[in-house]
Amino acid sequence: MPLSARQLALRALHEWRKSEQFADAVLHDLLASCDLVPSDRAFATELLLGVLRNLRLLDFWIAHLRRPRVDHATCDLLRLGLYQLLILQIPEHAAVNETVALSTKRTRSIVNAILREAQRQRANLVAAANAAPVSIRTSHPDFLVTRWTAHFGSENTEQLCAWNNQPPPTYARVNQLQISVADFRDRYGTGEQFADARNVFRFAKVPRDALAAGHCYMQDPSTMLACELLAPQQGDHVLDACAAPGGKSSYLAELMQNTGRVVAVDRNAARVALIRENFARLGVTNADVIEHDWLAAQTGAPKSVATPFDRILLDTPCSNTGVMRRRVDVRWRLKPDDFLRMQDQQVAIARAVLSLLKPGGTFVYSTCSVEPEENEQVVAQILAALPRLRLVEQVRRLPFRDHIDGAFAAKLSAVA
Ligand SMILES: C[S@@+](CC[C@H](N)C(=O)[O-])C[C@H]1O[C@@H](n2cnc3c(N)ncnc32)[C@H](O)[C@@H]1O
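Residues numbered from 1 in each chain as written. Predicted model: local features only at pLDDT ≥ 70, side-chain atom pairs only at ≥ 80, totals over all residues. Heavy atoms only, no water.

Topic: the pairing of strand E5 (residues 237–240)
- Taking every second residue as pointing to the same face, both faces of E5 are buried, with His237 and Leu239 on one and Val238 and Asp240 on the other.
- Two strands pair when backbone bridges link them, and E5 and strand E6 (residues 261–266) are joined in this way by four bridges, in the parallel orientation. Pairing of Leu239 across the sheet is with Val263, part of E6.
- The parallel pair E5 and E6, bridged by helix H15 (residues 247–255), forms a crossover whose chirality is right-handed.
- Relative to strand E8 (residues 309–315), E5 runs parallel, the two sharing three bridges. For Val238, the partnering residue across the bridge sits in E8 and is Arg311. (Buried < 20%, exposed > 50% of the residue type's maximum accessible area, 1.4 Å probe, protein only. Helix = DSSP H or I, 4+ residues; strand = E, 2+ residues; numbered from the N terminus. Pairing = 2+ DSSP bridges. Right-handed = clockwise from strand over helix to strand, strands pointing away.)

Structural data, given as structure tokens:
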């Protein structure tokens, strides 16, 4: 029998809990193997991501409703039921009956009893949540709330946590290699132009026709900062050192009007294939796409690449703490020592690629993290290790201040 949306969400929650995979990957695999109609796919996605966004709060309510701990399978059912009942506010008969119907014979009576108790205690549960600390109320691990409070203060932390729980808007950058902004607006006029960037539109839902035609690329406005700081010129030889899936590389190609050369490198074969697909769809014709690991190689550059480069972008792997509204389960996978572990990797990749920068060349280091260990501290280490570099500018985007995803970019120049 085909799976229902709720069954798929329950299975996804189970897989997510048991594996090390991120929710996106779990969902992608499960949705690919079933034939749910689009509205059910959307509902299954909403259920899984909603439960993960509210995981700690849901477990707080479960602990209120039942003192002895419940086993994992029962806990997943209760999370799904309570999310529908208390957060989505789905009519009670559907939220409770449909969740009880997912239970096994063994768990049915306890799930039924706890969800009915939650219905009776709805007001108490909401009041208890409102009185709980921010980490419980907004479902974040204590260590993140503690570090953000130290860096940004408690009011900003509260806003950042709330931001992380909002479903993200759909932004599309107009691909001016294929269509002008004015023609895009005329043709796909349902989007609202983003106030701070004339080439970005906000859509109520994914603009599938525009995407398929290569007329846009889905990306948050924060991701364009690094490319604009790099400011590639026509005819430049540019390296995008960690390029997949190609969002920034394709914008660099656009800024260069398909002249010069963009060398887009990534170590992950599947993601390198995505760069190629994106370039083909977007009409990028001035690029070489290369699979290469900067840390595994003996020498800095892949053999087929001409060096040195006029400009290098290093959009490094990071903790993703600036994009948690898009990557809702990152908060549950991160560990307190990940920031320094990432820093070691970031500095090592930077040192590998910087040997390929021309005298007088420009280097931009960027992340979608809001953590100083991965941002300012990495830049300080690079500057200390490589005295031929000068800091030109560094910019931070903070969700609670700038109302876009968090991002960091630093522009450095090499003495001529
Ligand atoms: C933040 S993502 C890049 C996003 C991309 N710049 C964009 O805008 O679409 C970081 C990328 O770095 C790649 N990466 C991580 N470590 C690497 C390494 N040692 N060498 C090359 N690529 C690496 C990952 O596979 C990942 O695709």
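So, the layout of surface pockets
- By volume, the second largest pocket is sized at about 270 Å³.
- Forming the walls of the second largest pocket are Arg17, Asp59, Ile62, Ala63, Arg66, Arg67, Pro68, Arg69, Val70, His72, Cys75 and Arg79.
- Listed by contribution, the elements that provide at least two residues to the lining of the second largest pocket are helix H4 (55–65) and helix H5 (72–87).
- Tallied by class, residues from the lining of the second largest pocket come to five nonpolar, one polar and six charged. (1 Å grid on protein atoms, 1.4 Å probe; cavity = no way out; pocket = protein on both sides within 12 Å on 5 of 7 lines; lining within 4 Å. Points joined across faces, edges and corners; volume = space filled by probe spheres on them. Nonpolar A, V, L, I, M, F, W, Y, C, P; charged D, E, K, R; others polar.)

Structural notes on the environment of Leu55
- Locating Leu55 in the fold gives a position in helix H4.
- The buried category is assigned to Leu55, whose relative accessible area is 7%.
- A C-alpha to C-alpha distance of 6.0 Å links Leu55 and Ser139, two positions 84 residues apart in sequence.
- If we skip the residues at most four places from it in the chain, Leu55 touches Trp16, Arg79, Ser139 and Trp332. (Contact = heavy atoms within 4.5 Å.)

Focus on the site of the ligand
- The immediate surroundings of the ligand are formed by 20 residues, with Gly247, Asp266, Arg271, Asp293 and Asp315 found nearest.
- A distance of 3.3 Å separates an oxygen atom of the ligand from a polar atom in the backbone of Gly246.
- The backbone of Lys248 places a nitrogen or oxygen atom 3.2 Å from an oxygen atom of the ligand.
- Out of a free accessible area of 600 Å², the ligand has 88% covered by protein chains.
- Of all the elements in the fold, those that place two or more residues in the shell around the ligand are H15 and helix H18 (338–354).
- Tallied by class, residues from the shell around the ligand come to eight nonpolar, six polar and six charged. (Near = heavy atom within 4 Å. Polar contact = N/O pair within 3.5 Å; in protein donor to acceptor, adjacent residues only side chain to side chain. Areas by Shrake-Rupley, 256 points an atom, 1.4 Å probe, with all protein chains shown as cover.)

Notes on the nonpolar core
- With 53 residues, the main nonpolar core has Leu8, Trp61 and Leu82 as its most contacted residues.
- Broken down by element, the residue count for this core peaks at eight residues, all from H5.
- When residues no more than four places from it in sequence are discounted, the contact partners of Trp61 are Leu82, Leu86, Ile87, Leu125, Val126 and Ala129.
- The next biggest cluster of nonpolar side chains, apart from the first, holds 32 residues, and it includes Met224, Ala226, Ala253 and Leu313. (Core = buried A, V, L, I, M, F, W, Y, C linked by side-chain atoms within 4.5 Å.)

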